[in-house]
Amino acid sequence: MDSHSQPVRPDFSTVRFIYFDLDDTLIDHLKAQERALVDVWTQYPELQRTEPKVFASEFAGTNYRLWEAYRSSEVSQSELRRLRFEQTFRQIGVGTLDWREVDEIYMDCYSRHWDWIPDARDALMQVSRHFPTGIMTNGFTFVQKKKFEYFSLNRYARHLIISEEVGYLKPDPRIFAFAAEKAGFKPSELLYVGDSYSSDILGGCQCGWKTAWYLQPGKAPERHLADLVFSGFRELLQALIPDTKTNPT
Ligand SMILES: [Mg+2]
């Protein structure tokens, strides 16, 4: 156990309902995105004038900026899907590709690389035996619904909440309020588990929820508001279900 980042055992005794983030908390979105971009790269000689890593990192940076713009309603979902390719192509000097065709291939490849974050499935299964659970995700409805189905998430989660359906993206307090209402518990009885400090941890804290931050080992800043920082799901299980055995089952 890392005594520097985790000096005090978090008090989760008031927790009655647990919501999980989906991308990069339960499901490895970034790995699927990277692999899908390499698949796209292999199909287009125009792209191969640039290293696949450069193409993937240009796309990732552009996508991140456009998601910020989408979050603040400056661009629509369809503009985001168009611009993230058009702008990436421009940055790497490719002018001839049809973004719609590339997007279609990308989305298809992306879904073929979906996989759980290590131990996340087992943790979700165990947590859902002890607590009612839900999933709250920022994402496109048509993509996230496919993930719910592919990973059979309705087996574990009572509520599957997607920002696009609610009309607000995390960290907007209104999506946390919507989720709390669905769960039927007070904010202090809710725990949010996620990987994004700005969307998940600050969003949850602002609404009076308990928070658990999934983060790579040693990456936590000295000062943060999360009740728990964990880098392996066993740490989360031990905090929530104290009699969890430490040996893997
Ligand atoms: Mg996430």
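Above this text is the structure in question.
Residues numbered from 1 in each chain as written. Predicted model: local features only at pLDDT ≥ 70, side-chain atom pairs only at ≥ 80, totals over all residues. Heavy atoms only, no water.

A. Representation of the sheet that holds strand β1 (residues 17-20) within the structure. Taken together, 6 strands build an open sheet; the order of strands is β3-β2-β1-β4-β5-β6 and the sheet is parallel. Either end of the sheet is taken by a strand with one partner, and the two such strands are β3 (159-162) and β6 (228-230). On average, each strand axis in the sheet is tilted by 20 degrees relative to the strand beside it, whichever way the strands run. Relative to strand β5 (residues 210-214), strand β4 (residues 190-194) runs parallel, the two being bridged by 4 bridges. Its bridge partner lying in β5, tyrosine 192 is registered against threonine 211. Helix α9 (residues 197-206) contacts β4 and β5 of the sheet and is inclined by roughly 165 degrees relative to β5. (Pairing = 2+ DSSP bridges. Helix = DSSP H or I, 4+ residues; strand = E, 2+ residues; numbered from the N terminus. Axes fitted to C-alpha atoms, helices over the stretch in contact; angles between N-to-C directions. Contact = heavy atoms within 4.5 Å.)

B. Representation of the environment of phenylalanine 131 within the structure. Its place among the elements puts phenylalanine 131 in the loop between α5 (120-130) and β2 (133-137). In this structure phenylalanine 131 comes out as buried when scored by relative accessible area, which is 13%. With 26 residues separating them along the chain, phenylalanine 131 and alanine 157 place their C-alpha atoms 10.0 Å apart. (Buried < 20%, exposed > 50% of the residue type's maximum accessible area, 1.4 Å probe, protein only.)

C. Region of the structure containing the packing of aromatic side chains. This model, assessed by the stated rule, comprises 24 aromatic pairs. Here the aromatic rings of tryptophan 114 and phenylalanine 151 are separated by 6.4 Å at their centres, their planes lie at 40 degrees, and the arrangement is tilted. Placement of the pair is tryptophan 114 in the loop between α4 (99-112) and α5 and phenylalanine 151 in the loop between α6 (141-150) and β3, with a sequence separation of 37 residues. In this pair, the class of tryptophan 114 matches that of phenylalanine 151, namely buried. (Phe/Tyr/Trp six-rings, centres within 6.5 Å; stacked < 30°, edge-to-face > 60°.)

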